[in-house]
Amino acid sequence: MDNNFLQILWSLVRIIVIGPVIAGILVVEISRANKRLSIVLGGFYGQVILGGIGVIIHELSHLVVALLFGHRVDRVSLLHIPDAHDPNDRGLGYVSHVWNDDSLYQKIGNVFIGIAPVVGCSLAMVISSRFLVPTLYDHWLAAIDGGSFVSQSLSWWHFIIWLVLMINISVGGFDLSGADLQNSRQGLIALGVVLIILAFLLSLVTDYRTISGQLFHLIRPLIMMMVFAIVVNAVLWVLLRLIVVLKKR
């Protein structure tokens, strides 16, 4: 049973934590590069112009998850226009919340509140693509699953709306601040304790192969969303980088 417990614990950590964290790091780093390019192209307010919708989705993600974990929300600014002349005014939005330090549930919530924008923005990208450009979305799914899809007509104005959303979410949505990461770290120990307890309980009733299969099935949509976000962010980075190079000539 000890070996089964350790294997189940490793499955939980590998599939629930390590996989999403690696995908999250990739999308955050590319998004930061896109934000820097947006500033090069549009000046100080370029990140607001090209990423304002993404910032709103970013803060909404924090807000929704904070409420789900029972935190008390004190102040919210979904989109703040900073003063270009004030070096201390650089935040584009914020969600101020407090929690009960004696509540294990609320402490664990800090982990998910901090990284919520990565999931929220990935989900927003997938939903937008599914409804605005279903042909492109189905083509992507078919490429992932190795299947085929039925081509549909693509509305040009749907495509333009989708493109604006993709740019805004890519530039303004994924960049996790130092405060976001610090907030997540506050709940890591509590999350670790829960995973150990969960692994022990599961080891009493099942084996690691069953758990690994079921976990992968559950987490697969999240990973696919984040991979989609990585691809879109990477394509946007290439386009923005090309525009910057052409602009300098």
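The notes below deal with the structure included here. What you see as residue numbers is a count from 1 along each chain, following the sequence as written. With the structure being a predicted model, the display of local features is reserved for residues of pLDDT at least 70 and the display and counting of side-chain atom pairs for 80 or more, all residues being used for whole-chain, interface and lining totals. The basis for every side-chain value is the complete set of heavy atoms in the structure, and neither hydrogens nor water enter the calculation.

Below, the discussion takes up the nonpolar core. Remark: nonpolar core denotes a set of buried residues (Ala, Val, Leu, Ile, Met, Phe, Trp, Tyr, Cys) joined through side-chain atoms within 4.5 Å. Whether a residue is buried, partly exposed or exposed follows from its accessible area with a 1.4 Å probe, protein chains only, as a fraction of its type maximum: under 20%, in between, or over 50%, in that order. Counting 41 residues, the largest nonpolar core has Val27, Met125, Ile169 and Phe174 as its most contacted members. Runs of E in the DSSP output that reach at least two residues are strands. Runs of H or I that reach at least four are helices, and both are numbered from the N terminus. Listing elements by their share of this core, those giving two or more residues are helix H1 (2–42), helix H3 (104–132), helix H4 (134–145), helix H5 (156–172), helix H7 (188–203) and helix H8 (208–248). In terms of residues, this core owes the most to one element, H8, which gives eleven residues. When residues no more than four places from it in sequence are discounted, the contact partners of Phe174 are Val27, Val28, Ser31, Pro117, Val118, Cys121, Ser122, Met125, Ile169, Ala229 and Asn233. Contact definition: two residues touch when any of their heavy atoms are within 4.5 Å.

The next thing to look at is the packing of helix H2 (residues 46–68) against H3. Interaxial distance between H2 and H3 falls to 8 Å at its minimum, and their mutual angle equals 145°. Note that H2 runs across H3; the crossing there is right-handed. Residue-level inspection shows Gly54, Ile57, His58, Ser61, His62, Val65, Ala66 and Leu68 of H2 in contact with H3, the latter providing Tyr105, Phe112, Ile113, Gly114, Ala116, Pro117, Gly120, Cys121 and Ala124. Gly is put with the polar residues, along with every residue not named as nonpolar or charged; the nonpolar set is Ala, Val, Leu, Ile, Met, Phe, Trp, Tyr, Cys and Pro, and the charged set is Asp, Glu, Lys and Arg. Looking at the contact of H2 with H3 residue by residue, the classes come out as eleven nonpolar, six polar and no charged. Between N-to-C directions, angles cover 0 to 180 degrees, with each direction set by a line fitted to C-alpha atoms, over the stretch in contact for helices. Left-handed is the label given to a crossing in which the near helix is rotated counterclockwise from the far helix by less than a right angle, and right-handed is the label when the rotation is clockwise.

Bringing the environment of Gly213 into the picture now. Turning to its location among the elements, Gly213 is positioned in helix H8. Gly213 gets classed as partly exposed once you look at its relative accessible area, which sits at 40%. Gly213 sits 98 residues away from Ile115 along the chain, and the two C-alpha atoms are 25 Å apart.

Bringing the side chain of Gln106 into the picture now. Relative to the elements of secondary structure, Gln106 occurs in helix H3. For Gln106, the side chain forms a polar contact with the main-chain oxygen of Gly70, separated by 3.3 Å. Setting aside residues no more than four positions away along its own chain, Gln106 makes contact with Phe69, Gly70, His71, Trp99 and Asn100. Pairing of N or O atoms within 3.5 Å defines a polar contact, subject to two protein rules: one partner must be a possible hydrogen donor and the other a possible acceptor, and residues neighboring in sequence count only if both atoms are side-chain atoms.

Moving on, we get to the side chain of Asp180. As for its placement among the helices and strands, Asp180 is situated in helix H6 (residues 178–185). For the purpose of counting charges, residues Lys and Arg are taken to be positive, whereas Asp and Glu are taken to be negative. His and the chain ends are not included. Here, a salt bridge means any Lys or Arg side-chain nitrogen found within 4 Å of an Asp or Glu carboxyl oxygen. Here Asp180 sits buried without a salt bridge, and the closest side chain of opposite charge, Arg32, lies 7.6 Å off (N-O distance). For Asp180, the side chain forms a polar contact with the side chain of His58, separated by 3.3 Å. In contact with Asp180, not counting residues within four places along its chain, are His58, His62, Gly114 and Asp175.

Below, the discussion takes up the pattern of salt bridges. Here the structure, examined in full by the defined rule, presents four salt bridges. Put simply, Lys35 and Asp175 hold a salt bridge, and the shortest N to O gap is 3.4 Å. Of this pair, Lys35 sits in helix H1 while Asp175 sits in the loop between H5 and H6, and the two are 140 residues apart along the sequence. The exposure class assigned to Lys35 is buried, which follows from its relative accessible area of 15%. Across the pair Arg72 and Asp74 runs a salt bridge, and its minimum N-O distance is 3.2 Å. Judged by its relative accessible area of 53%, Arg72 falls in the exposed class. Among the charged side chains, a network of salt bridges with common partners joins Glu29, Arg32, Lys35 and Asp175.

A cluster of nonpolar side chains, contributed by Ile53, Leu136, Leu154, Trp156, Trp157, Phe159, Ile160, Ile161, Leu163 and Val164, occupies part of the molecular surface with about 910 Å² of accessible area. Within the secondary structure, Phe159 sits in helix H5. Its relative accessible area of 31% is what places Phe159 among the partly exposed residues. Patch membership needs two things, relative accessible area over 30% and no salt bridge, and members are linked within 9 Å if like-charged or within 5 Å if nonpolar (Val, Leu, Ile, Met, Phe, Trp, Tyr). Using the Shrake-Rupley algorithm and a 1.4 Å probe, accessible areas are obtained, with residue cover drawn only from the displayed protein chains.

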